[in-house]
2 protein chains.
Amino acid sequence: MRFSSVLKQSAKYAAHVPKSGVFPQGFQVGSVASGVKKNGTLDLGILVNTNKSYESSAASVFTTNKFKAAPVILSQRVLEEKKGKGINAIVVNSGCANSVTGEIGLKDASQMAKLIDEKLGATSSSTLIMSTGVIGQRLQMDKISKGISKIFTDNSFGSDFNSWLNIAKSICTTDTFPKLVTSNFTMNNGTQYTLTGMAKGAGMICPNMATLLGFIVTDLPIESQALSKMLRYATDRSFNCISVDGDMSTNDTINMIANGAVKTDEITEDSPEFLQVRDQVTQFAQKLAQLVVRDGEGATKFVTVKVQNSSTFADARTIAESISNSMLVKTALYGKDANWGRILCAIGYAKLETLDSLQTDKLNVSFIATDNSEPRELKLLVNGVPQLNIDEERASQILALPDLEVLVDLGTGNEEAQFWTCDLSHEYVTINGDYRS
Amino acid sequence: MRFSSVLKQSAKYAAHVPKSGVFPQGFQVGSVASGVKKNGTLDLGILVNTNKSYESSAASVFTTNKFKAAPVILSQRVLEEKKGKGINAIVVNSGCANSVTGEIGLKDASQMAKLIDEKLGATSSSTLIMSTGVIGQRLQMDKISKGISKIFTDNSFGSDFNSWLNIAKSICTTDTFPKLVTSNFTMNNGTQYTLTGMAKGAGMICPNMATLLGFIVTDLPIESQALSKMLRYATDRSFNCISVDGDMSTNDTINMIANGAVKTDEITEDSPEFLQVRDQVTQFAQKLAQLVVRDGEGATKFVTVKVQNSSTFADARTIAESISNSMLVKTALYGKDANWGRILCAIGYAKLETLDSLQTDKLNVSFIATDNSEPRELKLLVNGVPQLNIDEERASQILALPDLEVLVDLGTGNEEAQFWTCDLSHEYVTINGDYRS
């Protein structure tokens, strides 16, 4: 897959890209084709907070890869210096990841942020930076610099649907559709607010493309510590619960900004609304993360792996991850093979915290149809006993669905975790292996 | 791939299957087509120790998968009861893994061992059992039972080359060639001895095939604790250092028997020869394990991943494993793409014991040609700095080789580890995904 084939109006594009939307108050976004991407498509985007009535809060979850790209190192620094407050911009570019670029890479990332800070009249660094693209190449700062100027001087900032769709496009690399989600929520106290987010993925991408990038903004006022906890909680249940190929890049970053444009009491960890908003952010983040799996390289299937009734959340998550990352499970799903042996195997080699969470004679494994057809559940293993007379015709029907669920019931507690994964197809190998041939 | 295409005389068969060999004294092997495998090929093998002058020692390394198949559970039990001494037979079948078969599976495995013990006139259980094949199906005990009788009554035991080759064939499932290795060694004290081993693999195999199985026998007298340490050491550097798809089965087992038919002092942990024999067994096990990778499903390339100058062995091994299991590295190798970014990424997300072992500015990554062509080494990353003027033509030449090495120098100590891996090809997806279609 080359850049030139990116963002074509595929069936996935039609199914997953919104045609309109409402967006949070007090944010403006702009984007431009800076020329870093050779095919001349959008590759540079800026989000700014225009609400002055509240000092914004920001939080991030960064890659744990030991090789952190320059924008990751710099954004971490900015967040620490500002203690998660007063972050008023995000700048993102695609086409070059500014990763493994040493000191010069840090200077370039710093310069990129500084250009925005100057335009915004900020006295200290208040811009987060995200980059995605080729590893080991320097940012073309002349193009980036001109691009930033152009967004400001042409006054191409906007808060309408097209402005948001365009910035979502500008962060894409080999994505086949932009991932933009926006939703309104009502809190128990009646306050209405909006979450808007975008992401790019999926997997590590050819030839040296990197990265899961995403950001979410809201017009609620959320205290920075509370925002940080919310985003960590949501990410652990969304962006950290998706598997395309199990590889983690040097640039992975999820940012969140709350600008408080909605007039309501600031939400802290002690607020009665904290848990409600945390859960709404989590569901929202799941929706966004799932789009990354739907656009998984070569994926023909979207599979929810649900592990329930576990004695611990961590072990439920570890088992869901083990199944989701198994190449053999993924190829069996591609081949529409009701291969519960491979699922069981992946459960068995998951590295669990406690052996209590997995007891063979309490284990149940089923396939679940998600298209409302009946019977919804096809039991493969019941209390550790393989079902010998599996309805193979029904199994084939369920496995032919583009969406399906693998349900694992551990029967050892009441915690649950979900992962979202895709199948492993010939197309994945083609995309990732045949770039130069 | 179906059974019918198995063991066809491929180029790999010609390259990796010996045409003759010498074997350790005091062992006899027999095999038969019991009918468990539907295509009527060899699927049941028995090895017996005929040397009565020494009480044999045995050791095993078993799967750590939480779902252990009946033969694994039973063999563990036999080894414990006998304290690793007086094990005089190994019985192995292919076509059915006797896994996830509950109590009845344990009874079947027990019965299988008992039939051999009776024939050998053993007063207590002295037979190890290995099974590989479909998960969740009962052993066809009538066929197994008749097969065992047939091997004994037809007196089809032998110690010649064909007998050994046939038992190596009888443990195969979707392998494209039998994996039989035999070598003579001379100890510093002048004693000559022989190691013979066989294995089957590779990966977890369609439709529910399981398992890496292997066993090594020698005519040296080795005390059972010493044998156990040797086998663990060797396995950690051989069978536990290969990656086809990162999946671990319910049946994985490596057995070793030392029957002491060679007249020399028994080797204990305190013997001056202990380390020499341990290292010879390790090299031997590596040779056998590498054959499993060479027969990796769909593999077109055999890749050695060497991580050297690490502050700890464990971290060197973890990094080698992370690179070897990365789907993106494996597809890049398939696509002949000099994609050091993916290698770096896989190094960066390896879960290390200590951060001391990995320091960005000391890291070197190279491709190494293994065909004696020059320049042998192609440097990709030197002291953390990407080499900008990589000789792409030379890179293509090296990546086109069927054998090559990825060399990672951590520069933080003097420990090293190696992994052997293969590429991820379209054929892998076809083999594992298209079974029913």
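Bear in mind that the values here come from a model prediction, so they are computed numbers and not experimental data.

About the cut-offs
Per-chain numbering applies: the sequence of each chain, read as written, is numbered from 1 onward. As they are written, the chains are lettered A onward and the ligands numbered 1 onward, keeping that order. Where local features are concerned, this predicted model is filtered to residues with pLDDT of at least 70; where side-chain atom pairs are given and counted, the filter is 80 or more; whole-chain, interface and lining totals use all residues. Hydrogens and water molecules were not included; the side-chain quantities draw on all heavy atoms of the structure. Numbering of helices and strands starts at the N terminus; helices are DSSP runs of H or I of at least 4 residues and strands are runs of E of at least 2. This radius of gyration counts C-alpha atoms alone. The globule rule is 2.2 Å times how many residues there are, raised to the power 0.38. Here, residues are in contact when the closest pair of their heavy atoms is within 4.5 Å. Counting rule applied: Lys, Arg positive; Asp, Glu negative; His and chain ends not counted. Every charge is mapped onto a representative atom, which is NZ of Lys, CZ of Arg, CG of Asp or CD of Glu. Here the rule is simple: two strands pair whenever DSSP picks up at least two bridges between them. Only C-alpha atoms enter the line fits that serve as axes; for helices the fit covers just the stretch in contact. Angles between N-to-C directions range over 0 to 180 degrees. Relative accessible area decides the class of each residue, using a 1.4 Å probe on protein chains only: under 20% of the type maximum gives buried, over 50% gives exposed, and in between gives partly exposed. Think of a salt bridge as a Lys or Arg side-chain nitrogen and an Asp or Glu carboxyl oxygen that are within 4 Å of each other. Take the buried Ala, Val, Leu, Ile, Met, Phe, Trp, Tyr and Cys residues and link them wherever side-chain atoms come within 4.5 Å; each set so joined is a nonpolar core. In protein, a polar contact requires one atom able to donate a hydrogen and another able to accept it; more generally it is a pair of N or O atoms within 3.5 Å, and residues adjacent in sequence count only if both atoms are side-chain atoms. Cysteine sulfur atoms that come within 2.5 Å of each other are treated as a disulfide pair. Angles are sorted into four bins: roughly parallel if under 35 degrees, roughly antiparallel if over 145, roughly perpendicular if 65 to 115, and oblique for all others. Here a crossing is called left-handed whenever its near helix is offset anticlockwise from the far helix by less than a right angle, and right-handed whenever the offset is clockwise. Each residue receives one of three labels: charged for Asp, Glu, Lys and Arg, nonpolar for Ala, Val, Leu, Ile, Met, Phe, Trp, Tyr, Cys and Pro, and polar for the others, Gly being one of them. Note: the arc covers the axis-to-C-beta directions of the helix. Scored from 0 to 100, pLDDT records how confident the predictor is in each individual residue. Under the pairing criterion, centres of Phe, Tyr and Trp rings, with the six-membered ring standing for Trp, must be within 6.5 Å; the plane angle then separates stacked pairs below 30 degrees from edge-to-face pairs above 60, leaving the rest tilted.

Bringing the overall build of chain A into the picture now. When helices and strands are counted, chain A shows 12 helices and 16 strands. Taken over C-alpha atoms, the radius of gyration comes to 22 Å for chain A, in line with the 22 Å a tight globule of 437 residues would show. Projecting the C-alpha coordinates of chain A onto the three principal axes gives extents of approximately 70 × 60 × 40 Å. When contacts within chain A are restricted to residue pairs at least 6 apart in sequence, long-range pairs at least 24 apart make up 80% of them. Where the 42 positive side-chain charges of chain A centre and where its 46 negative ones centre are 7 Å apart.

To continue, consider the sheet that holds strand β7 (residues 192-200) of chain A. Two pairing modes exist for strands in a sheet, parallel and antiparallel, and in both the strands are linked by backbone hydrogen bonds. Residues and elements named next belong to chain A. The strand order across the open sheet formed by 5 strands is β3-β10-β8-β7-β6, and the pairing between neighbours is mixed. This sheet does not close on itself; its edge strands, each paired only once, are β3 (57-62) and β6 (179-186). Recorded for the sheet is a direction-independent mean angle of 10° between the axes of neighbouring strands. For β6 and β7, the ladder comprises 8 bridges, and the chain directions are antiparallel. Opposite T186, over in β7, you have Q192 as the bridge partner. Packing against the sheet, helix α5 (residues 161-170) makes contact with β6, β7 and β8 (213-218), and its axis sits at approximately 130° to β6. Set on the sheet, helix α7 (residues 274-294) makes contact with β6, β7, β8 and β10 (253-258); between it and β6 the angle comes to about 160°.

With that out of the way, let us pick up unusual backbone geometry. A cis geometry characterises the amide bond from E374 of chain A onward to P375 of chain A, with omega recorded as -10°. Positioned with a positive phi, N383 of chain B is a non-glycine residue whose angle comes to about 45°. Take N383 of chain B: it is sitting in the loop between β13 (377-382) and β14 (385-386). Take N383 of chain B: its relative accessible area is 44%, and that puts it in the partly exposed class.

This paragraph deals with the pattern of salt bridges. By the definition in use, this model includes 20 salt bridges over all chains. Taking the shortest distance from any N to any O, the salt bridge between K179 of chain A and D175 of chain A comes out at 2.7 Å. D175 of chain A matches K179 of chain A in its accessibility class, with the two residues each being buried. Between D279 of chain B and R278 of chain B there is a salt bridge, with the nearest N and O atoms lying 3.3 Å from each other. For R278 of chain B, a relative accessible area of 16% corresponds to the buried category. Salt bridges sharing partners connect three or more residues here, namely D175, K179 and D295 of chain A.

This part is about the nonpolar core. Among the nonpolar cores identified, the biggest contains 109 residues, and L47, W164, I347, L363 and F367 of chain B are the most heavily contacted of them. When sequence neighbours within four positions are dropped, the list of residues in contact with I347 of chain B reads F67 of chain A together with I319, I323, L358, L363, V365 and V408 of chain B. Counting 108 residues, the second largest nonpolar core, distinct from the first, contains I242, A285, A316 and L333 of chain A.

All names here are of chain B. If you trace the 7 strands from one edge of the open sheet to the other, you get β9-β16-β11-β15-β12-β13-β14, paired in mixed fashion. Of all the strands in the sheet, just β9 (242-243) and β14 have a single pairing partner and so form its edges. Relative to β13, strand β12 (residues 364-369) is paired through 4 bridges, and the arrangement is antiparallel. When the bridges of β13 are listed, V365 appears paired with L381.

We now examine helix α9 (residues 327-334) of chain A. All names here are of chain A. Judged by how many residues are buried, α9 sits mostly within the fold: 8 of 8 residues are covered. Buried within α9 we find M327, L328, V329, K330, T331, A332, L333 and Y334. The N-capping residue of α9, defined by a side-chain oxygen 3.0 Å from the backbone nitrogen of V329, is S326. Backbone geometry just after α9 places K336 at a positive phi near 55°.

Moving on: the state of the cysteines. All names here are of chain B. One pass over the structure, following the stated rule, counts 0 disulfides over all chains. You can see C241 has no disulfide; the closest cysteine sulfur is in C422, sitting 15 Å from it. In this structure C241 comes out as buried when scored by relative accessible area, which is 2%.

Residue and element names in this part refer to chain A. Among the 8 residues that make up strand β4 (residues 89-96), 8 are buried, leaving the element largely enclosed by the rest of the structure. Across 5 bridges, strand β2 (residues 44-49) lies against β4 in antiparallel orientation. Considered in β4, the bridge of L47 is made with I90.

This part takes up the packing of α9 of chain A against helix α10 (residues 340-348) of chain A. Any two packed helices are characterised by the angle at which their axes cross and by the distance between the axes. Residues and elements named next belong to chain A. At a closest axis distance of 9 Å, the pairing of α9 and α10 adopts a crossing angle of 160°. The pairing of α9 with α10 is recorded here as roughly antiparallel in orientation. Handedness of the α9/α10 crossing: left-handed. In contact with L328, V329, T331 and A332 of α9, α10 contributes R342, I343 and A346. Taken together, the residues of the contact of α9 with α10 break down into 5 nonpolar, 1 polar and 1 charged.

All names here are of chain B. Burial runs high along β12: 6 of the 6 residues are buried. Summarising the sheet, β12 and strand β15 (residues 403-409) pair through 6 bridges and their orientation is antiparallel. From the neighbouring strand, V365 faces β15, where its bridge partner is V408.

Residues and elements named next belong to chain A. Every buried residue belonging to helix α11 (residues 392-399) is among R394, A395, I398 and L399, and all of these are buried. Burial along α11 is one-sided: seen end-on, the buried residues are contained in an arc of 130°. The elements touched by buried residues of α11 are α9, β12 (364-369), β13 (377-382) and β15 (403-409). Among the residues of α11, the N-terminal cap falls to D391, whose side-chain oxygen and the backbone nitrogen of E393 are separated by 3.1 Å.

On to the side chain of N251 of chain B. Residue and element names in this part refer to chain B. Tracing the chain through its elements places N251 in the loop between β9 and β10 (253-258). Of the residues examined, N251 reaches a relative accessible area of 2% and is grouped as buried. Here A97 takes part through its backbone oxygen, which lies 2.8 Å from a polar atom of the side chain of N251.

Moving on, we come to the confidence of the model for chain A. Residues and elements named next belong to chain A. The pLDDT averaged across chain A works out to 89; a share of 93% of its residues lies at or above 70. This model gives residues 1-8 a pLDDT under 50, and the stretch forms 24 contacts once residues within four places in sequence are excluded. Low pLDDT, under 50, characterises residues 204-210; the predicted model gives this stretch 43 contacts beyond four residues in sequence or across chains.

Residues and elements named next belong to chain B. Taken as a whole and assessed by the stated rule, the structure comprises 7 aromatic pairs over all chains. With 5.2 Å between their ring centres and 10° between their planes, F23 and W164 make a pair best called stacked. Taken as a pair, F23 in the loop between α1 (11-16) and β1 (27-32) and W164 in helix α5 (residues 161-170) lie far apart in primary sequence, 141 residues in all. Note on accessibility: F23 and W164 belong to one class, buried. Between F152 and F157, the ring centres sit 5.0 Å apart and the planes meet at 70°, which makes this aromatic pair edge-to-face.

Residues and elements named next belong to chain B. Inspection of the secondary structure puts D43 in the loop between β1 and β2 (44-49). Classification of D43 by relative accessible area gives buried; the value is 0%. As a C-alpha pair, D43 and A168 span 125 residues in sequence and 9.8 Å in three-dimensional space. Excluding anything up to four places from it in sequence, D43 contacts V32, A33, S34, G35, V36, K37, V92, N93, S94 and S170.

Right, let's talk about the packing of helix α3 (residues 102-120) of chain B against helix α4 (residues 141-153) of chain B for a bit. Residues and elements named next belong to chain B. Two numbers describe how α3 lies on α4: the axes approach to 11 Å, and their chain directions differ by 20°. Classified by the angle their axes make, α3 and α4 are roughly parallel. Relative to α4, the crossing made by α3 is right-handed. Contacts from D108, Q111, M112, L115, I116, K119 and L120 of α3 reach α4 at M141, I144, S145, I148, S149 and F152. Classifying every residue of the contact of α3 with α4 by side-chain character gives 8 nonpolar, 3 polar and 2 charged.

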